[in-house]
Every structure is written in structure tokens, then in C-alpha cells.
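Coordinate inspection notes
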Amino acid sequence: MPSPMTAAQLSALYDAGNQWAEDDDFFLAFVNERPNSRVLDLGCGTGRMTLAVAADGHSVVGIDPNPDSIAAAGRKPGAESVTWINGTSAAIPHDAMFDVAIMTAHVAQAINDDGDWSRTLADIHRALVPGGSLVFDSRDPAARAWEHWTPAKTRRVHTLPDGSMVESWVESAAEFDGLVTLTERRVCNGSTEETEISVLAFRTEVQLRHDLTSAGFTVDRIHGGWAYEDVGHGNGELIAISHKPA
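Note that the structure is a prediction, hence the values are computed from the model and not measured.

What to know about the pairing of strand 1 (residues 38-42)
For strand 1, the buried fraction is high: 4 of the 5 residues fall into the buried class. Note: strand 1 against strand 2 (residues 59-64), 5 bridges, orientation parallel. Bridging from a neighbouring strand, Val39 pairs with Val60 of strand 2. Regarding topology, helix 3 (residues 48-55) serves as the crossover connection from strand 1 to the parallel strand 2, and that connection is right-handed. Relative to strand 4 (residues 98-103), strand 1 runs parallel, the two sharing 3 bridges. Looking at the pairing, Val39 lines up with Val100 of strand 4.

Dropping the structure here:
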């Protein structure tokens, strides 16, 4: 059933619930280690990180499978400096080469099929120059983040730019075979409740190292938090940094 919320409202709700935070600081600092880089932002969403990277002087391509997110990103200030593409990693231009590739906001977990995940890593590897870097975040399954995704802990009310008031919350099913089903529920201006279901992959550090190595990457390090903590400490993250061998 189509959402009673418009595409613009859904994008605005995403932005309202996902403000700039320490993970964004981490990714931007990482990209800025290489001034004037060619950057691929895969799974760029509505462009929060993409636009920040472009504003710091990099040449950026933002790709996302959601056409409404790409449209919302393209309406933001500074959007004209970014090349926006609707699609998955298969849409990476074959004549483009990048110095850095990023996947932020746990987008790696949304690629829940192992075959799709392998193809994504292969596509990124092909598009990077020798020595080029890939960095992404994925929640550490040992931290069991899904146990905190309950209505009581996640209920929020946001007022959108058009004046609409949206109440939202999430709930999750128990982890099974590395997958967690996440259900987001929304009520806009007192309308009928709507739901959106997604499946997230919780891969272990061992799995991520194996997958990256199989795709031809050299794993440089994996952090457990945004202050460069070891795995098992910090924020319950697995922040994987790797590169394509020269």
C-alpha cells in the first residue's frame, strides 16, 4: 500500500531523525586525509555526507537506490557540485576512478544478501585506483543493538518543514542467522499508522575481514568506535578501513 506521506515528507523525516553526529565527523576527517580526492559515496541517501565532502573541495559521486532520496539530495544547497546517480553499485560509471569510497550510516547492513554484498565490494574494488581506500561502518553483532530497538526507546515526534507532525518508532525481531528484521511505524498528522519493514545484516568482524579480503582488499584496521577504539569497546561498531593494493 502506498504511503500517505509524500516522498518529500519521507525524506524530510529521515533528515530530521538523522542529524550530523560523531560518525559523520569520522568519515569526513577520513576523506580529508587526501585533499582534492575523487570520492564515491555509495548509499548516499539524502546527501548529508556527500554534500559535506563536496564542500571540502572533493569531486564526489553520490549513488543511492532510492530515487526519492536522490531527488531530495539534489534539491539541497550545493547539490550542483555533486554527480547524483540513482542505483546500486552496478551503476558506478565504468570510466570513473576514485581515490576514496565511503558507505556511511550503516548502509552496508542494508545490503543483506550475501551475493549482493560480494558484488558491491567487487564493484567498489574495480572503481578504486590502486592504493584507493574504502571505509564503511557496520554494527557489531556482539553489541546486540537490536535489543534496544523498542517502541519505548525509539518513539520520537518530529515537525517537518511543511508543518506536518510525524510520530515514529521502531521494533525489531530477534537476530536469526545474522539477519534482523526492523519495522518502522509512522503516524503523520494523526493519520492511519503505516509501516516500513527492512532486513539488516549483522556481520561479524571475522566475516567482514573475509569478505573484504575475498574482494581483493587489504584490511588496514577495524575500529569499535568513532574515537578509534578497539573492537568490543567504543560504540558497538565495526568501522572497517581497507585499501586496494597498489
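A closer look at the nonpolar core
Counting residues in hydrophobic clusters, the biggest one holds 28 residues, and the most contacted among them are Leu134 and Phe136. Counting residues per element, this core draws most heavily on helix 6 (residues 114-127), which supplies 4 residues. Beyond its immediate sequence surroundings of up to four residues, Phe136 is in contact with Phe27, Met103, Ala108, Trp117, Leu208, Leu212, Leu238, Ile239 and Ala240. Listed in part, the 24 residues of the second largest apolar core include Phe30, Val39, Val60 and Ile239.

With respect to the side chain of His158
In this fold, His158 is placed in strand 6 (residues 156-159). Judged by its relative accessible area of 18%, His158 falls in the buried class. Setting aside anything within four residues of it in sequence, one finds His158 in contact with Leu13, Ala16, Gly17, Ser164, Met165 and Val166.

Some details on the sheet that holds strand 1
Taken together, the 7 strands give an open sheet; going across it, the order is 3-2-1-4-5-11-10, and neighbouring strands pair in mixed fashion. Among the strands making up the open sheet, the edge pair consists of strand 3 (82-86) and strand 10 (218-223). Direction aside, neighbouring strands of the sheet carry axes that sit 15° apart on average. Here helix 3 sits on the sheet in contact with strand 1, strand 2, strand 3 and strand 4, set at roughly 155° to strand 3. Against the sheet, helix 8 (residues 205-214) engages strand 5 (128-139), strand 10 and strand 11 (237-243), with an angle of about 155° to strand 10.

Observations concerning unusual backbone geometry
Phi is positive for His106, which is not a glycine, with a value near 60°. Take His106: it is sitting in the loop between strand 4 and helix 5 (107-110). Positioned with a positive phi, Asn189 is a non-glycine residue whose angle comes to about 50°. Note that Asn189 resides in the loop between strand 8 (179-188) and strand 9 (194-201).

A closer look at the packing of helix 2 (residues 22-31) against helix 3
Running from amino to carboxyl end, helix 2 crosses helix 3 at an angle of 35°, the nearest separation of the two axes being 10 Å. Of the two elements, helix 2 crosses helix 3, and the hand of that crossing is right-handed. Contact residues: Asp24, Phe27, Leu28 and Val31 in helix 2; Arg48, Met49, Ala52 and Val53 in helix 3. When the residues that make up the contact of helix 2 with helix 3 are grouped by side-chain class, the tally is 6 nonpolar, no polar and 2 charged.

Overview of the sheet that holds strand 7 (residues 165-172)
Strand order in this open sheet of 4 strands is 6-7-8-9, and the pairing throughout is antiparallel. For this open sheet the edge positions go to strand 6 and strand 9, each flanked by a neighbour on one side alone. Direction aside, the axes of adjacent strands within the sheet are offset by 25° on average. Direction of pairing for strand 7 relative to strand 8: antiparallel, over a ladder of 7 bridges. Paired with Val166 across the bridge in strand 8 is Cys188. Relative to strand 8, helix 1 (residues 7-17) is tilted by about 110°, and along the sheet it contacts strand 6, strand 7 and strand 8.

What counts and how
- Residues numbered from 1 in each chain as written.
- Predicted model: local features only at pLDDT ≥ 70, side-chain atom pairs only at ≥ 80, totals over all residues.
- Heavy atoms only, no water.
- Buried < 20%, exposed > 50% of the residue type's maximum accessible area, 1.4 Å probe, protein only.
- Helix = DSSP H or I, 4+ residues; strand = E, 2+ residues; numbered from the N terminus.
- Pairing = 2+ DSSP bridges.
- Right-handed = clockwise from strand over helix to strand, strands pointing away.
- Core = buried A, V, L, I, M, F, W, Y, C linked by side-chain atoms within 4.5 Å.
- Contact = heavy atoms within 4.5 Å.
- Axes fitted to C-alpha atoms, helices over the stretch in contact; angles between N-to-C directions.
- Left-handed = near helix turned anticlockwise from the far one by under 90°.
- Nonpolar A, V, L, I, M, F, W, Y, C, P; charged D, E, K, R; others polar.

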